[in-house]
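A look at the structure
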Amino acid sequence: MTQVLLFSTVIGPFVAGIMEAVKKTVSLPKNFIPLIALVVGVGLGAAAYPFTDMEMALRLWAGAGAGLSATGLFEVMKKRYGSKKDTSKDKDVFNNQ
């Protein structure tokens, strides 16, 4: 189990980077982003055959975990406080105008 978590941690940033590139390149519905991240993570886990001596099933589990955690981490970091984004540039902070 330790190997799976370590491998998932190693390929997580790669999954996040690939997903960010996919989101910038292709217009995707937001509902499909975690599913695509899962597929990308499983694909990277399977493609990492020369870099690890783990069994295929363990690499696929690690890739799935990396894909889902990369999506969750990105969504947590992106979350803003408040109900909407403030676009006014000359807002008076002291008078709340």
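What you see is a predicted model, and the numbers here were worked out from it, not measured in a lab.

1. Here we look at helix H1 (residues 2-25)
In this model, H1 (24 residues) spans 35 Å end to end at C-alpha, consistent with the 34 Å of a helix rising 1.5 Å per residue. Along H1, the sharpest kink reaches roughly 35°, centred on Ile 11 and followed within four residues by the proline Pro 13. For H1, the complete set of buried residues consists of Val 4, Phe 7, Ser 8, Ile 11, Gly 12, Val 15 and Met 19.

2. A short note on the environment of Val 4
Tracing the backbone shows Val 4 in helix H1. When the C-alpha positions of Val 4 and Gly 63 are compared, they lie 8.8 Å apart, and in sequence the two are 59 residues distant.

3. Topic: a nonpolar patch on the surface
Judged by side-chain polarity, Leu 6, Val 10 and Phe 14 come together as a nonpolar surface patch covering roughly 320 Å² of accessible area. Judged by its relative accessible area of 45%, Val 10 falls in the partly exposed class.

4. Considerations on helix H2 (residues 33-47)
For an α-helix, the turn length of 3.6 residues means that residues three or four places apart are oriented alike. In this model, H2 (15 residues) spans 21 Å end to end at C-alpha, consistent with the 21 Å of a helix rising 1.5 Å per residue. Of the residues making up H2, those classed as buried are Ile 33, Ala 37, Val 40, Gly 41 and Gly 45. Summarising the axial view, the buried residues of H2 lie within an arc of 135°, below the 170-degree limit, and thus occupy one face. Turned more than 90 degrees off the buried face of H2, the exposed positions are Val 39 and Ala 47.

5. Focus: the confidence of the model for the protein chain
Taken as a whole, the protein chain shows an average pLDDT of 80; of its residues, 75% reach a score of 70 or greater. Mean pLDDT across the secondary structure elements of the protein chain bottoms out at helix H3 (residues 56-78), with 83, and peaks at H2, with 91.

6. A word on the side chain of Ser 8
On the secondary structure map, Ser 8 appears in helix H1. Judged by its relative accessible area of 14%, Ser 8 is buried. Among the polar contacts listed, one links the side chain of Ser 8 to the backbone nitrogen of Ala 66, at a separation of 3.2 Å. If we ignore the near neighbours within four places in the chain, the residues touching Ser 8 are Ala 62, Gly 65 and Ala 66.

Rules of the game
- Residues numbered from 1 in each chain as written.
- Predicted model: local features only at pLDDT ≥ 70, side-chain atom pairs only at ≥ 80, totals over all residues.
- Heavy atoms only, no water.
- Helix = DSSP H or I, 4+ residues; strand = E, 2+ residues; numbered from the N terminus.
- Expected span 1.5 Å × (residues − 1).
- Bend = angle between axes of the 7 residues up to and from the residue.
- Buried < 20%, exposed > 50% of the residue type's maximum accessible area, 1.4 Å probe, protein only.
- Patch = residues over 30% accessible without salt bridge, like charges linked within 9 Å, V, L, I, M, F, W, Y side chains within 5 Å.
- Areas by Shrake-Rupley, 256 points an atom, 1.4 Å probe, with all protein chains shown as cover.
- Salt bridge = Lys/Arg side-chain N within 4 Å of Asp/Glu carboxyl O.
- Arc of directions from axis to C-beta.
- pLDDT = per-residue confidence, 0-100.
- Polar contact = N/O pair within 3.5 Å; in protein donor to acceptor, adjacent residues only side chain to side chain.
- Contact = heavy atoms within 4.5 Å.

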